[in-house]
Amino acid sequence: MAAPLSEPSQPEERNKQHLPPKSYADAVEEEALANGANESNGMNGGHNGSKDVTSTNANGSASKQHKASSVLRIVASDSSKDEQARPGYERQESSHEYSATGLDDTPKTPPKNQHRRSGSQKSSGSQHKSSDDSRPASSNGTNTQSNPKVKDNKKDATVFEKVEGTQNGSKLISVKPAVEYEKTSRKDEKKAPKQSKEEGLASGKIAGQRWQKSGIRFAPMNVPLQRRLQTLVVLLHTLCIAISVSMFFFLCAIPLFWPLLIPYMIYCLTSKAATSGTLSHRSEFLRSLPVWSLFASYFPARLHRTQELPATRKYIFGYHPHGILSLGAFGAFATEALGFSQLFPGIKNTLLTLDSNFRIPIYRDYALAMGIASVSKESCENLLSKGGPNKEGMGRAITIVIGGARESLDAQPYSLRLVLKRRKGFVKMAIRTGADLVPVLAFGENDLYDQFNSDSHPRIHKLQLLVKKFLGFTVPLFHARGIFNYDVGLMPYRRPLNIVVGKPIRVAQSSRPEQEEIDRVHEEYVSELERLWDLWKDDFAPDRKEDIEILG
């Protein structure tokens, strides 16, 4: 079988044979098939000569045609001779020129003020003069891994990029600013003024601040049981008159108790137990109950003596100051909570109060059981002249709150104002009965309550004095703490109460004492009282605002 003849490749010959023009690619393909053996020689150099090719026409005649042996000339890159003959050109890239990466030749929009790396080598085959171009290239002429350094015309815009892969979607690993750029940024940060916290921060109000500034301070819930019991006992004693009156009217509202209440009312109006001096209703058991220890430890209160008192004498204890409720006098002389019998053995003391208190139902029985008696003249004479081992009052003692209700109106915390200059009745009683006078000073009695100052509220003070003149007692406008708070209520403050018993003043008995003798004993009594204050004020009144003041 005859081999097919190749068509001529020259345009003139193809025109003579009325053949269509052959493309450049077809000529190369036919040349490769016809000269397969000579294909390998094309790498060493190109052939410019022609070759005769036999072709068969439609009539079967063969003819010789001239065909170019090669249409491509490949110049060896290592030929020093050709390199010297060929002029060298350096590629200059514009700042706006970008090279594609991988197979995707779609134009990409670069970031602002940055350049992309050069992704492929140019077809001209010229070598780049930088050291980065010395790396081996892949078959398609692109670098598999590049770390180009791209510079812009702008100052301090140099960046370093490290890219993995050469195909579409190359991965950017790191971008590091130039050293000069970092130094400049640090200088700018140092120059910039730092904003203080106070200038840039605005805060709202603090939640709960109003409760912290509240005038009422509430007691915590985890208060020990002993303190709760102390508060309970003091509360019951403070409200004992109100509780007694309430109970009486409650019983009167029940007709079933009327047969008992009517005789009881008659007994209260006619009884002389508070003034007889026999102390028949006195209960030592009730006076020694442990609950009174809770009462005294509430403040706390303590009883001190400066000298022993012989049980063969009679005594009148003058208690100062009155305070609001004379709580120190009750704890020291109406109970055994402070150990009166241990400090003064053999002496039977009786606390005296207003005779009107023994007209209050139920409360009068409570007071008589505690050994309290009336402060009337008859009661004082009976107590100091009856009873005792000799039946003449030996070993008996009474306690009188000298200042009375008038002194309670001047009871201000951390001060000591005594209404004593015109109070000489107790001195006359001591001379008539032959009882020695014993001054007693209670440090802290005035500190247990707060009340309106008589100097700043003169009208209220005059009204209180008017009430005392007609009723025999007055109502001081006082307040202290409450049961569950520390600022509002009728409970006394928990402040120390120290009761100091001074040296007794010997008195010669006289049934008709002269005024000069009364004044002399009274002056001696006041001097001993002032001595007690000067001696113990630094120990028991360190927060005092003023010294002792004797009023008329």
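Reference entry: report on the structure contained in this document. The structure presented is a predicted model; accordingly, all values stated were derived computationally and were not measured.

Calculation criteria
- Residues numbered from 1 in each chain as written.
- Predicted model: local features only at pLDDT ≥ 70, side-chain atom pairs only at ≥ 80, totals over all residues.
- Heavy atoms only, no water.
- Helix = DSSP H or I, 4+ residues; strand = E, 2+ residues; numbered from the N terminus.
- Buried < 20%, exposed > 50% of the residue type's maximum accessible area, 1.4 Å probe, protein only.
- Contact = heavy atoms within 4.5 Å.
- Areas by Shrake-Rupley, 256 points an atom, 1.4 Å probe, with all protein chains shown as cover.
- Axes fitted to C-alpha atoms, helices over the stretch in contact; angles between N-to-C directions.
- Parallel < 35°, antiparallel > 145°, perpendicular 65-115°, else oblique.
- Nonpolar A, V, L, I, M, F, W, Y, C, P; charged D, E, K, R; others polar.
- Salt bridge = Lys/Arg side-chain N within 4 Å of Asp/Glu carboxyl O.
- Pairing = 2+ DSSP bridges.
- Patch = residues over 30% accessible without salt bridge, like charges linked within 9 Å, V, L, I, M, F, W, Y side chains within 5 Å.
- Core = buried A, V, L, I, M, F, W, Y, C linked by side-chain atoms within 4.5 Å.
- Phe/Tyr/Trp six-rings, centres within 6.5 Å; stacked < 30°, edge-to-face > 60°.
- Left-handed = near helix turned anticlockwise from the far one by under 90°.

## Comments concerning the overall build of the protein chain
What the protein chain contains, in helices and strands, is 19 helices and 17 strands. Relative to its 552 residues, the protein chain shows a buried fraction of 34%. Partitioning the contacts of the protein chain with sequence separation of at least 6, the portion at a separation of at least 24 is 69%. With the model as given, the accessible surface of the protein chain reaches about 34,900 Å², and the carbon-plus-sulfur share is 55%.

## So, the packing of helix α8 (residues 240-252) against helix α9 (residues 258-270)
Two elements in contact, α8 and α9, have axes separated by 9 Å at closest approach and are oriented at 130 degrees. Put simply, α8 runs oblique to α9. When α8 is examined against α9, the residues Phe248, Leu251 and Cys252 are found in contact with a partner set consisting of Trp258, Leu261 and Met265. When grouped by side-chain class, the residues that make up the contact of α8 with α9 number 6 nonpolar, no polar and no charged.

## Details of the pattern of salt bridges
In this structure the tally under the stated criterion is 21 salt bridges. Across the pair Arg287 and Glu336 runs a salt bridge, and its minimum N-O distance is 3.8 Å. Of the two residues, Arg287 sits in helix α10 (residues 284-287) while Glu336 sits in the loop between α12 (327-333) and α13 (340-343), which places them 49 residues apart along the sequence. Judged by relative accessible area, Glu336 falls into the partly exposed class, the value being 22%. Via salt bridges that share partners, Asp534, Lys537, Asp538, Arg544 and Asp547 belong to a single interconnected network.

## Structural notes on the side chain of Thr350
Mapping Thr350 onto the fold places it in strand β9 (residues 348-353). Apart from the residues lying within four places of it in its own chain, the contact partners of Thr350 are Leu279, Arg282, Gly371, Ile372, Ala373, Leu383, Ala397, Ile398 and Thr399.

## Observations regarding the pairing of strand β8 (residues 315-320)
A regular strand places its side chains on the two faces of the sheet in alternate fashion. Along β8, 6 of the 6 residues are buried, which leaves the element largely enclosed by surrounding structure. Covered by surrounding structure in β8 are Tyr315, Phe317 and Tyr319 together with Ile316, Gly318 and His320, the residues of both alternating faces. Looking at chain direction, β8 and strand β11 (residues 396-401) are connected through 5 bridges and run parallel. When the bridges of β11 are listed, Phe317 appears paired with Thr399. For β8 and strand β13 (residues 436-443), the ladder comprises 6 bridges, and the chain directions are parallel. Within β13, the residue paired with His320 across the bridge is Leu441.

## Topic: a nonpolar patch on the surface
On the surface, Leu225, Leu229, Leu232, Leu236, Leu239, Ile243, Met247 and Leu490 cluster together to form a nonpolar patch covering roughly 690 Å² of accessible area. Here the nonpolar patch takes 4 residues from helix α7 (residues 225-238), the largest share from any one element. Inspection of the secondary structure puts Leu225 in helix α7. The exposure class assigned to Leu225 is exposed, which follows from its relative accessible area of 63%.

## Thoughts on the pairing of strand β16 (residues 497-501)
Summarising burial for β16: 5 of the 5 residues are buried, a large majority. A two-sided burial pattern is seen for β16, the buried positions comprising Leu497, Ile499 and Val501 on one face and Asn498 and Val500 on the other. Inspection of the sheet shows strand β7 (residues 301-305) paired to β16 by 5 bridges, in the parallel sense. Each residue of the ladder has a partner; that of Arg302, found in β16, is Asn498. Note: β13 against β16, 4 bridges, orientation antiparallel. Residue pairing for β16: Val440 is matched across the bridge by Val501.

## A few points about the nonpolar core
Phe317 and Ile499 are the most contacted members of the largest nonpolar core, which has 51 residues in total. Here this core gets 5 residues from one element, more than from any other, and that element is α12. Grouped together as the second largest cluster of nonpolar side chains are 35 residues, Leu418, Val507, Val526 and Leu532 included.

## Section: the sheet that holds β9
On the basis of which strands lie adjacent, the open sheet formed by 7 strands has the order β7-β16-β13-β8-β11-β9-β10 and mixed pairing. The open sheet is flanked by β7 and β10 (373-374), the only strands paired with a single partner. Both β9 and β11 contribute to a ladder of 4 bridges, which runs parallel. The partner of Leu351 across the bridge, within β11, is Thr399. Of the strands in this sheet, β7, β8, β13 and β16 touch helix α19 (residues 515-540), which is tilted by about 30 degrees from β13.

## Things to note about the packing of aromatic side chains
Tallied over the full model, the rule gives 19 aromatic pairs. Aromatic pair Phe317 and Phe333: ring centres 5.8 Å apart, planes at 40 degrees, arrangement tilted. Of this pair, Phe317 sits in strand β8 while Phe333 is found in helix α12, placing the two residues 16 residues apart along the sequence. Here Phe317 matches Phe333 in class, with each residue buried. Taken together, a centroid distance of 5.8 Å and an interplanar angle of 75 degrees make the contact between Phe333 and Phe340 edge-to-face. Given a relative accessible area of 1%, Phe333 falls into the buried group. Relative accessible area serves as the criterion here: at 3%, Phe340 is assigned to the buried category.

## Some details on the environment of Phe333
Along the backbone, Phe333 and Thr350 are 17 residues apart, and their C-alpha atoms lie at a distance of 6.8 Å. Beyond its immediate sequence surroundings of up to four residues, Phe333 is in contact with Arg287, Phe317, Tyr319, Phe340, Asn349, Leu351, Thr399 and Val440.

## Looking at the packing of helix α17 (residues 425-433) against α19
Between α17 and α19, whose axes approach to 9 Å, the crossing angle comes to 110 degrees. As judged from the angle between their axes, α17 and α19 are roughly perpendicular. The hand of the α17/α19 crossing is right-handed. Mapping the contact onto sequence places Phe426, Val427, Lys428 and Ile431 in α17 and Glu517, Ile518, Val521, His522 and Tyr525 in α19.

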